[in-house]
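What follows is the residue order along each chain.
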Amino acid sequence: MGDLTMDFLRLMLMAAMLLTSLQGQAAEPAAAPVPATHEVEFLRNPDKACTDCHKEQSEGMHGKHGQATNPNNLAPVTCTNCHGQPSPQHREGVKDVMRFSDSFNNKQSTESYPIAEQNGVCMSCHEPKELRETLWAHDVHATKLTCTSCHQLHPVKEPMVAIPEKSRIKLCVDCHSKQHEASKARQEQSKSATGKEAS
């Protein structure tokens, strides 16, 4: 009979443990089902880090780019869409983001950022066909000048948009007069140099 009592006590102990375990689980709130994938939202404005230092842009981008939608992702245009992601060494002046320049007035400005690279950023949104239809000069100048030689990136009003025909002609004359004068000066220097050699 001792064995039967021992078996009964073991059975009662197991039943008590099971009952305690079930009561503990019932007291805990049911856990929400975990979705198969967790979607992370980027809550921080991607331009915030840029405008912390670049105070002149702290009010946001002006003009066309400030109101534009990026055709590649259908989101508003951000600093990083055009300039790229800065590295931790950005403040030390490393070549980590695109910098745009006026290649007409500053030839050296394209040494670090060649014309093709600068204009390639613009062409990632601005279609060549549409530019050609807007003004034929886009085709002529696209490989020789940066877009920012004529256009501004963050203006309140873009001076090149909807300018009258006379003003367009004046732009051509102004730029090409400078080129013509520079060409004449080079020819004069060349003549002087060859004339001195002949003496």
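Everything here concerns the structure above.
Starting from 1, residues in each chain are numbered consecutively following that chain's sequence as written. For this predicted model, a pLDDT threshold of at least 70 governs which residues receive local features, and a threshold of 80 or more governs which side-chain atom pairs are given and counted, while totals over whole chains, interfaces and linings are taken from all residues. Only heavy atoms go into the side-chain values, all of them from the structure, while hydrogens and water stay out.

Visitor: Honestly, the overall build of the chain in this entry has me stumped. Any pointers?
Guide: We count a stretch as a helix when DSSP gives it H or I for four or more residues in a row; a strand needs E for two or more, and each element gets its number in order from the N terminus. For the chain, the count of helices and strands is 8 helices and 0 strands. Each helix (α) and strand (β) of the chain, taken in turn from the N terminus, gives the series α-α-α-α-α-α-α-α. Contacts in the chain between residues at least 24 apart in sequence constitute 47% of all its contacts with a sequence separation of at least 6. Only carbon and sulfur atoms are counted for the fraction: they give 60% of the accessible area of the chain, which is about 15800 Å². Any two residues whose heavy atoms approach within 4.5 Å at even a single point are treated as in contact. Only the protein chains shown count as cover for residues, with accessible areas throughout obtained via the Shrake-Rupley method and a probe of 1.4 Å.

Visitor: Which parts of the structure should I look at to understand the environment of D47?
Guide: The topology assignment puts D47 in the loop between α1 (2–27) and α2 (48–53). Take D47: its relative accessible area is 16%, and that puts it in the buried class. Separated by 32 residues in the primary sequence, D47 and C79 place their C-alpha atoms 5.8 Å from one another. If we skip the residues at most four places from it in the chain, D47 touches V77, T78, C79 and T80. The classification of residues rests on relative accessible area computed with a 1.4 Å probe and restricted to protein chains. Under 20% of the type maximum is buried, over 50% is exposed, and intermediate values are partly exposed.

Visitor: How should the state of the cysteines be read in this particular structure?
Guide: In protein chemistry, a disulfide is the covalent bond that joins the sulfur atoms of two cysteines. Disulfides are defined as cysteine sulfur pairs within 2.5 Å. Counted by the stated rule, this structure contains 0 disulfides. C53 takes part in no disulfide bond, and the closest cysteine sulfur to it belongs to C50, at a distance of 8.8 Å. With a relative accessible area of 43%, C53 lands in the partly exposed category. C50 supplies the cysteine sulfur nearest to C79, a cysteine that is in no disulfide, at a spacing of 4.1 Å. Classification of C79 as buried rests on a relative accessible area of 17%.

Visitor: Explain the nonpolar core to me, please; I cannot follow it from the model alone.
Guide: A general tendency of soluble globular proteins is for nonpolar side chains to be buried together. One finds M98, F100, Y113, V121 and C122 forming the largest nonpolar core, which totals 5 residues. The residues contacting F100, other than those within four sequence positions of it, are C82, H83, Q118, V121, C122, T148 and L153. The definition of a nonpolar core used throughout is a set of buried Ala, Val, Leu, Ile, Met, Phe, Trp, Tyr and Cys residues joined through side-chain atoms within 4.5 Å.

Visitor: Looking at this structure, I do not really get the pattern of salt bridges. What am I missing?
Guide: Oppositely charged side chains can pair when the atoms bearing their charge come close. Salt bridge criterion: a side-chain nitrogen from Lys or Arg within 4 Å of a carboxyl oxygen from Asp or Glu. For the coordinates displayed, the defined rule picks out 4 salt bridges. A salt bridge links D7 to R10; its shortest N-O distance comes to 3.3 Å. Within this pair, D7 and its partner R10 are both found in helix α1, separated by 3 residues, close to a single helical turn. Judged by relative accessible area, which is 43%, D7 ranks as partly exposed. Residue E133 pairs with K129 through a salt bridge whose shortest N-O separation is 3.1 Å. Here E133 and its partner K129 are both found in helix α6 (residues 128–134), 4 residues apart, which amounts to about one turn of the helix.

Visitor: Looking at this structure, I do not really get the environment of P128. What am I missing?
Guide: Relative to the helices and strands, P128 resides in helix α6. Separated by 11 residues in sequence, P128 and D139 place their C-alpha atoms 7.9 Å apart.

Visitor: Explain the packing of aromatic side chains to me, please; I cannot follow it from the model alone.
Guide: Note on aromatic pairs: each is described by the distance of the centres and the angle between the planes. Put simply, two rings from Phe, Tyr or Trp (the six-membered ring, in Trp's case) pair if the centres are within 6.5 Å, and we call them stacked under 30 degrees between planes, edge-to-face over 60, tilted for the rest. Summed over all chains, the structure comprises 0 aromatic pairs. Seen from the ring of Y113, K95 lies directly overhead, with NZ or CZ sitting 5.2 Å from the centre. The criterion for a charge sitting over a ring is simple: Lys NZ or Arg CZ within 6 Å of the ring centre, and within 35 degrees of the ring normal.

Visitor: It is not clear to me how the side chain of S103 should be interpreted in this structure. Could you clarify?
Guide: Of note, S103 is situated in the loop between α4 (79–83) and α5 (115–123). For S103, a relative accessible area of 4% gives the class buried. Side-chain atoms alone can form a polar contact between residues adjacent in sequence; in general such a contact is a pair of N or O atoms within 3.5 Å, and within protein one must be able to donate a hydrogen while the other accepts it. A distance of 2.8 Å separates a polar side-chain atom of S103 from the backbone nitrogen of T146. Setting aside residues no more than four positions away along its own chain, S103 makes contact with S109, T110, I115, K144, L145, T146 and S149.

Visitor: How should the side chain of S101 be read in this particular structure?
Guide: Along the chain, the position of S101 falls in the loop between α4 and α5. The exposure class of S101 is buried, given its relative accessible area of 13%. In this structure the side chain of S101 is engaged in a polar contact, spanning 2.8 Å, whose partner is the side chain of S109. Sequence-distant contacts of S101, defined by excluding residues within four places in its chain, comprise S109, T110, Q118, T146, T148 and S149.

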